[in-house]
Number of protein chains: 2
Amino acid sequence: MADIAQALAAITGPRGVLTGTDVSTRPAGIWRSDTIAAKAIVRPRDTAEVAAVLRACNDAGQSVIAQGGLTGLVQSAISEPRDIMLSLERMNRVESVDLVNRTMTVQAGVPLQTVQETADDHGLLYPLDLGARGSCTVGGNISTNAGGNRVIRYGMTRDMVLGLEAVLADGTAVSSMNQMIKNNAGYDLKQLFIGSEGSLGIVTRAVLRLREKPRSQETMFVAVDSFDRLPELLKHMDARLGGALSAFEVLWSDFYRLVTTPPAKQKPPLPQQYPYYALIEAMGGDADNDAARAQAALAEAYESGLLADAVIAQNEAQRREMWAMRDDVEQCNRFPPLFIFDVGLPIPSMEAYVSDVNRLLDASFDTYRNFTFGHLGDGNLHFGICAGEDEESAREAVERAVYEPLKHIDGTISAEHGIGLEKKSYLLISRSPEEVALMRTLKQALDPKGILNPGKIFDRDSEAS
Amino acid sequence: MADIAQALAAITGPRGVLTGTDVSTRPAGIWRSDTIAAKAIVRPRDTAEVAAVLRACNDAGQSVIAQGGLTGLVQSAISEPRDIMLSLERMNRVESVDLVNRTMTVQAGVPLQTVQETADDHGLLYPLDLGARGSCTVGGNISTNAGGNRVIRYGMTRDMVLGLEAVLADGTAVSSMNQMIKNNAGYDLKQLFIGSEGSLGIVTRAVLRLREKPRSQETMFVAVDSFDRLPELLKHMDARLGGALSAFEVLWSDFYRLVTTPPAKQKPPLPQQYPYYALIEAMGGDADNDAARAQAALAEAYESGLLADAVIAQNEAQRREMWAMRDDVEQCNRFPPLFIFDVGLPIPSMEAYVSDVNRLLDASFDTYRNFTFGHLGDGNLHFGICAGEDEESAREAVERAVYEPLKHIDGTISAEHGIGLEKKSYLLISRSPEEVALMRTLKQALDPKGILNPGKIFDRDSEAS
C-alpha cells in the first residue's frame, strides 16, 4: 500500500497525495454520512501529472476512481480501501473565455457555479444548471452527462461540450480541445468520455459552448385536469414560444401537496385540487414583448381547454418561490425510508407507467407514498417513494416496482443520474445483452487492465484490484 | 468472386444481389461521372439480412462499403472492384411517427426529403436540411453527421438522432432504439456510429427527434462593412431573437458578386460594393409579431453601426430568391478547375485565416479565384477555389494553401463533409497522433478484420482485401 502512494507522491509532490486520516475524514459524498475509504487520494495539478499518475497505476494494476464534487446519486465515485482516488480539486481554473467564439476553456475540477458566474460576468450563459451547482464540477458533469432543468432548450452536458482532453488508462493524454460547433474530421472521440462515468478515461480539461444571456424570463405555473393534456400543452407552448421554452416541469398532485403544505415553506400558488401541475419557463430575447407573448400563449391554452388555471410570476421573488417549490424534494425525507428514482420513458406511456408502478407498490406494501415529478418534456420522471419499514428490507421491492415496468415500454432506468453501483444490477432492463457486450468491448479496448472505476455500470470478468 | 455473391444471394434472394452490368452501369455518386466498381451490390431488406450479410463477409474477410444516396463529397462511399457494396435502398420505410413523443422511427435507406415531408404532414419539423435532400438518406446523414444550414438552431444530425440500430462487422445487430431525449443508462453507443462514415458498423434503423413546426419565418439579407462586425451582429441577432435564430450565412464579396451577376440567375438584393453580406433567418412561433421583432432587431443593429444596409424578404418568392443566391455554388464551376472546401475554425481567427489562404494561393498561382462563404455561426467556411491549369496539377498546392494554415489555429479540415479518401492525407492537420491512435483502437475493437469501409478516414496497418 505504501508503495503506490509513494510512487504517486514522487509525481505530484507530497502535498499532492493524501493518506491516513486525511483520507478517512473526508465525506464519501455530499449527501452521504460515510467517509472515503482508499489507499490514498492523489491530487494532480495538471494533465501531465494525471497522465503520470495513471501510467504508474496502470503499470501496477492499481484501480483508480476519479472524483469531482462527489454530488452524484448512484455511487459512481465510491471507492474501496484498495482503490486510489484521483481528485481534480487542484485543477479548478477557468483558463480562458472567448467572447467572439462564445466558448470557455476550463480545467475539469472547476465548479459548475464558477463556470456559470464567469459566463454571466461576460454577458453570456452556460445553460447547465442543477441543485448541486456549488459543489459539482465540470469534469463530473461531463463524466455523468448531467442534465438539469433546461434540457428541453439547451440539451444535456453532451450538447454543451465542444472539446475535451482526457487521459486514458495507460497514461496517454488525448487532447480533443475542439472549439467549433462543427467538426467532422474523423471519429468524435469526446463522446467516449461523456457519460461513461470515468470508466474509459479521466477528463482533465474542456471547451464549453456558451450561449447568449436571455433578456427575459417568464415563469408560469399551471394546473391541468388530465394527463393527456400535458403533452398537448407542452407542444402548444413549445410551438407558440418559438424556441424560447426552457423548462416544462410537471408535478403530480401528491408531490404538489407535499411541497405546498406546512411544514414545507412554500404556499400553493394555485389550489391543491388538480391532478397535475406544470412549471413552465421561457427565456427570450425581447424584454419588452416577451411577457405579452407568454400571456397570450397561456390564454390560448386556456381557451382551448388545455389548462384549468394558471399564474405567472410577476417578479423575481415569485419566480424563486415557484422554483423553490419544485426543488423542495427534501420534503420527501419526512417519510423515511426514502427512495429517489430517475427514470425515462416515451411520453405516451407515462400515465399508464405511473399507474403500474403504484399498483406494484400497493401490492408489496401496506402503505406507501409516491411523490412524482419530473422533466416531462424530456421523458424524464422522478419518484420520491416512501415505503416499508427500513431501507434495506424495502429496497428490492421498491426498485422492482419502478424498474420492471420499464422493460416492455423501452424506458430507461436512468435518464440523467447514471448507473454507478446503485443501478447496475438493473442495467439489462434498459439495455440489451448486445449493447452491454459492446460496452464491454469498448472498456476492454480503452482500459484493458480495468483500472478505471472498476465495477461501475457493469461487471467485468476480471477487475483490477 | 462468384462465391461471395452467391453466398449473399442465398441470404437476400437473387433480387437482393446485383452483379455485372447491373453494378457497372450505376453512377459512383450523384456528382460523379464514373460508375461503381464492386464484386456485387447487395441490397438487404431488413436488419436480419444486413446481419447475415456482414457475418458472411466477415467470415470471408470480405470488405464491405455501405451506400446511402451517394451524395457525399469526400469519397467516403467509393468502392474498388474487390469490394462488396451494401446498399440500404430496399430499407427505405418510415416505420412510425409518434405525435406525442415527437419522434419518427425509420429505416436507414429512407431519403431525407421523405422524412421532412412526413414530419411536415404531421405538423412537425425534421430540421436537418441540405441541398441533396431528395437523394441523400437518413443512414448517410447519420454516418456522416450531416450539418446543413440550420445547425446554429437545431444542431447537426448527431443532435437529431435519439436512437439507432447498427450491425457490427461480425454481424451482431446492436439495437439502441432509444426514444427519449435523456438516457444515461451506460455508454451512449449510438455516438460510435454517428459520423464514423460506415467504418464501425452499418446503421440500419433510427429514431429521429422531431420539432414543432415554425409558425413564422423571417429571412433577412444584410451588408456589413468589416469582418469584426459579423460576429457582433451574430451575437446581437442571436440574443435579440431569443432562440429563434436558425441561420447566419456569410457571403464574402467575391462570392456575392459571382452569384448576383449574369449569367447567374439572381439579381443583387443589395448593392455589390460591400465586403461582406449575411443571410439571416429566424423561425419563430408567433406569426403575428415575429416580423416586427425581426425588423426591430435589424433596426437596432443598424443604429449601433453593425450593418450598412439590409433588406427583409416580404414574401415566399423573395425568401426563395435569397436562398437560391446563397445556394448557387454551381456558378463556381464556370472557372475550372474548381476545388470545394469545408473547413472549420474559431471565429476570431477567421479573417486572418482567409487572408493567409489567399496569400498562399497567390504565391502558387498566377491567377486564382477564391469564392468564400459559409455558416459563420458554426465556425464553418466553404471555399470554391478556381486555380491552376488542370485539377491534377493544381490540387496539392490548393489543398496545402487551405489546410496548412489551419494547424496553428486549431481548425478542422472538415466541418461537415467528413474525411473519406479525399482528406485523409491531411487528417493530422486537425487531429493529433494520439487522437488517430485512439480512432484506430476503436476500429480494431469493433472491426478487427477491417472489413468495413477499409482505408477511409485513416489507414490501417492491415486492411481486408
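No experiment lies behind these values; they were computed from the predicted model shown. (Residues numbered from 1 in each chain as written. Chains lettered and ligands numbered in written order. Predicted model: local features only at pLDDT ≥ 70, side-chain atom pairs only at ≥ 80, totals over all residues. Heavy atoms only, no water.)

Chemist: So, the overall build of chain A: which residues are in play, and what are the values?
Modeler: Across its full length, chain A carries 15 helices and 18 strands. Taking 2.2 N^0.38 as the reference for a compact globule, 465 residues should give roughly 23 Å; the C-alpha atoms of chain A span a radius of gyration of 23 Å, in line with that estimate. A principal-axis box enclosing the C-alpha atoms of chain A has dimensions of 70 × 60 × 40 Å. Taking the contacts inside chain A whose residues are at least 6 apart along the sequence as the reference set, 71% of them involve residues at least 24 apart. Counting every atom, chain A has about 16,800 Å² of accessible surface; 47% of that belongs to carbon and sulfur. Mean positive and mean negative side-chain charge positions of chain A (46 and 62 charges, respectively) differ by 5 Å. (Helix = DSSP H or I, 4+ residues; strand = E, 2+ residues; numbered from the N terminus. Rg over C-alpha atoms; globule rule 2.2 N^0.38 Å. Contact = heavy atoms within 4.5 Å. Areas by Shrake-Rupley, 256 points an atom, 1.4 Å probe, with all protein chains shown as cover. Lys, Arg positive; Asp, Glu negative; His and termini not counted. Charge placed at Lys NZ, Arg CZ, Asp CG, Glu CD.)

Chemist: Any details on the sheet that holds strand E9 (residues 173–176) of chain A? Residues and values, ideally.
Modeler: Residue and element names in this part refer to chain A. If you walk across this open sheet you meet the five strands as E5-E6-E10-E8-E9, and the pairing is antiparallel. A single partner strand is all that each edge strand has here, and the edge strands are strand E5 (94–98) and E9. Taken pair by pair, the neighbouring strands of this sheet meet at an average axis angle of 10°, ignoring direction. Note: strand E8 (residues 161–167) against E9, four bridges, orientation antiparallel. If you follow Leu-164 over to E9, its bridge partner there is Ser-176. Of the strands in this sheet, E5, strand E6 (103–107) and strand E10 (202–209) touch helix H4 (residues 112–121), which is tilted by about 150° from E6. (Pairing = 2+ DSSP bridges. Axes fitted to C-alpha atoms, helices over the stretch in contact; angles between N-to-C directions.)

Chemist: With reference to specific residues and values, describe empty space enclosed by the protein.
Modeler: Taking a probe equal in size to a water molecule and rolling it over the atoms shows the remaining empty space. One pass over the full model with this rule turns up six cavities of 30 Å³ or more. Of the volumes computed, that of the largest cavity is approximately 160 Å³. As for the largest cavity, its lining consists of 18 residues, of which A:Gln191, A:Leu192, B:Asp188, B:Gln191 and B:Leu192 are closest to the centre. Of all elements in the fold, only helix H7 (190–193) of chain A together with helix H7 (190–193) of chain B reach the threshold of two or more residues within the lining of the largest cavity. Its residues assigned to classes, the lining of the largest cavity comprises 12 nonpolar, four polar and two charged. (1 Å grid on protein atoms, 1.4 Å probe; cavity = no way out; pocket = protein on both sides within 12 Å on 5 of 7 lines; lining within 4 Å. Points joined across faces, edges and corners; volume = space filled by probe spheres on them. Nonpolar A, V, L, I, M, F, W, Y, C, P; charged D, E, K, R; others polar.)

Chemist: Go over a negative patch on the surface, please, and point to the residues and values.
Modeler: All names here are of chain A. A cluster of acidic side chains, namely Asp-366, Glu-389, Asp-390 and Glu-392, defines a negative patch on the protein surface. When you line up the elements, Glu-389 lands in the loop between strand E18 (380–387) and helix H13 (391–403). By relative accessible area, Glu-389 is classed as exposed at 74%. (Patch = residues over 30% accessible without salt bridge, like charges linked within 9 Å, V, L, I, M, F, W, Y side chains within 5 Å. Salt bridge = Lys/Arg side-chain N within 4 Å of Asp/Glu carboxyl O. Buried < 20%, exposed > 50% of the residue type's maximum accessible area, 1.4 Å probe, protein only.)

Chemist: Before we move on, can you summarise the relation of the copies chain A and chain B with the specific residues and values?
Modeler: Aligned on chain B, chain A shows an RMSD of 0.0 Å; the corresponding rotation is 180° and the shift along the axis is 0.0 Å. The transformation just described matches what one would write down for a two-fold rotation axis. Taking the C-alpha atom as reference, chain A places A:Gly243 closest to the rotation axis, 2.3 Å from it. Both copies present the same face, since 100% of the interface residues in chain A are matched by interface residues at the equivalent positions in chain B. (Least-squares fit on C-alpha atoms with pLDDT ≥ 70 in both.)

Chemist: Account for the interface of chain A and chain B, naming residues and giving values.
Modeler: Contact residues are listed per partner, giving 92 residues for chain A and 92 residues for chain B. Buried area between chain A and chain B, summed over both chains or domains, comes out near 7,000 Å², and the portion from carbon and sulfur atoms is 56%. Per-residue buried area on chain A facing chain B is highest for A:Lys182, A:Asn184 and A:Tyr187; these three make up 15% of the total on that side. Our count for the contact surface shared by chain A and chain B stands at 12 salt bridges. A salt bridge links B:Arg158 to A:Asp188, with the shortest nitrogen-to-oxygen separation between them at 3.4 Å. Those elements that provide at least two residues to the side of chain A that touches chain B are helix H6 (151–154), E9, H7, helix H8 (229–240), strand E14 (276–284), helix H10 (290–303), helix H14 (427–430) and helix H15 (433–446) of chain A. Tallying contributions element by element places H15(A) first for the side of chain A that touches chain B, with nine residues. When its residues are assigned to classes, the side of chain A that touches chain B shows 37 nonpolar, 32 polar and 23 charged. (Buried area = accessible area lost by both parts, 1.4 Å probe.)

Chemist: Report on a nonpolar patch on the surface, specifying residues and quantitative values.
Modeler: Residue and element names in this part refer to chain A. A cluster of nonpolar residues, Ile-30, Trp-31 and Leu-73, forms a patch on the protein surface that exposes about 310 Å² of accessible area. Tracing the backbone shows Trp-31 in the loop between helix H2 (21–24) and strand E2 (40–42). For Trp-31, a relative accessible area of 53% gives the class exposed.

Chemist: For the environment of A:Asn453, give the residues involved together with the corresponding values.
Modeler: Residues and elements named next belong to chain A. Following the sequence through the fold, Asn-453 ends up in the segment after H15. Asn-453 sits 254 residues away from Ser-199 along the chain, and the two C-alpha atoms are 5.2 Å apart. Look past the residues within four positions of Asn-453 in its chain and what remains in contact with it is Val-64, Ile-65, Ser-76, Glu-197, Gly-198 and Ser-199. A polar atom in the side chain of Asn-453 sits 2.9 Å from the backbone oxygen of Ser-76. (Polar contact = N/O pair within 3.5 Å; in protein donor to acceptor, adjacent residues only side chain to side chain.)

Chemist: Describe the state of the cysteines, naming the residues involved and giving the relevant values.
Modeler: Cysteine pairs can be covalently joined through their sulfur atoms, and such a bond is termed a disulfide. Tallied over the entire structure, the rule returns zero disulfides over all chains. Left without a disulfide partner, A:Cys386 is nearest to the cysteine sulfur of A:Cys332, which lies 5.7 Å away. (Disulfide = S-S within 2.5 Å.)

Chemist: Tell me about the sheet that holds strand E12 (residues 216–224) of chain B, and please be specific about residues and values.
Modeler: Residue and element names in this part refer to chain B. The seven strands are arranged E15-E12-E14-E13-E17-E18-E16 in an open sheet whose pairing can be described as antiparallel. Two strands bound the open sheet, and with one partner strand each, they are strand E15 (309–312) and strand E16 (338–344). Across the sheet, the mean angle from the axis of one strand to that of its neighbour is 15°, orientation sign disregarded. Strand direction decides the pairing type here: E16 and strand E18 (residues 380–387), joined by seven bridges, are antiparallel. Bridge pairing links Val-343 to Leu-381 in E18. With respect to the sheet, helix H8 (residues 229–241) is in contact with E12, strand E13 (245–252) and strand E14 (276–284), its orientation differing from that of E13 by roughly 165°.

Chemist: Account for the packing of aromatic side chains, naming residues and giving values.
Modeler: Two measures describe an aromatic ring pair: the distance that separates the ring centres and the angle between the ring planes. Per the stated rule, a full pass over the model turns up 26 aromatic pairs over all chains. Here the aromatic rings of B:Tyr403 and B:Tyr426 are separated by 4.7 Å at their centres, their planes lie at 50°, and the arrangement is tilted. A residue pair is termed long-range when its members are at least 10 positions apart, and B:Tyr403 in helix H13 (residues 391–403) and B:Tyr426 in the loop between H13 and helix H14 (427–430) qualify at 23 residues. In this structure, B:Tyr403 and B:Tyr426 share a single accessibility class: buried. Joined through ring pairs, the aromatic side chains of A:Phe221, A:Tyr256, A:Tyr274 and A:Tyr277 make up one cluster. The positively charged end of A:Arg369 is found above the aromatic ring belonging to A:Phe335, 3.8 Å away from the centroid. (Phe/Tyr/Trp six-rings, centres within 6.5 Å; stacked < 30°, edge-to-face > 60°. Lys NZ or Arg CZ within 6 Å of the ring centre and 35° of its normal.)

Chemist: Lay out the environment of B:Gly61 in plain terms, naming residues and giving numbers.
Modeler: Positionally, B:Gly61 belongs in the loop between helix H3 (47–60) and strand E3 (64–67). Sequence-wise, B:Gly61 and B:Lys449 are 388 residues apart; in three dimensions their C-alpha atoms are separated by 6.6 Å.

Chemist: Summarise helix H11 (residues 316–326) of chain A; cite the residues concerned and give the values.
Modeler: Residue and element names in this part refer to chain A. By the burial criterion, the buried members of H11 are Arg-319, Met-322, Trp-323, Met-325 and Arg-326. In an axial view of H11, the angular spread of the buried residues amounts to 155°, which keeps them on one side of the axis. Here H11 starts with a cap whose side-chain oxygen sits 3.2 Å from the backbone nitrogen of Ala-317, and that cap is Asn-315. (Arc of directions from axis to C-beta.)

Chemist: Mind laying out the pattern of salt bridges, listing which residues take part and the relevant values?
Modeler: Under the criterion given, the structure shown has 68 salt bridges over all chains. Of the charged contacts, one joins B:Lys235 and A:Glu212 as a salt bridge, the two residues approaching to 3.1 Å between their closest N and O atoms. Pair noted here: B:Lys235 is in helix H8 and A:Glu212 is in strand E11 (residues 211–212), and the two residues belong to different chains. Judged by relative accessible area, which is 12%, A:Glu212 ranks as buried. Across the salt bridge formed by B:Asp327 and B:Arg326, the nearest N and O atoms sit 3.5 Å from each other. Relative accessible area serves as the criterion here: at 5%, B:Arg326 is assigned to the buried category.

Chemist: I'd like to hear about the side chain of B:Lys423, residue by residue, with values.
Modeler: Residues and elements named next belong to chain B. Position of Lys-423 relative to the elements: it lies in the loop between H13 and H14. Classification of Lys-423 as buried rests on a relative accessible area of 1%. Filtering out sequence-adjacent residues up to four positions away, Lys-423 remains in contact with Val-74, Asp-342, Tyr-403, Ile-413, Ser-414, His-417 and Gly-418.

Chemist: Explain the confidence of the model for chain A to me, using residue names and the numbers behind them.
Modeler: Mean pLDDT over chain A stands at 96; residues scoring 70 or higher make up 98%. Model confidence for the complex is summarised by a pTM of 0.97, with the ipTM given as 0.97. (pLDDT = per-residue confidence, 0-100.)

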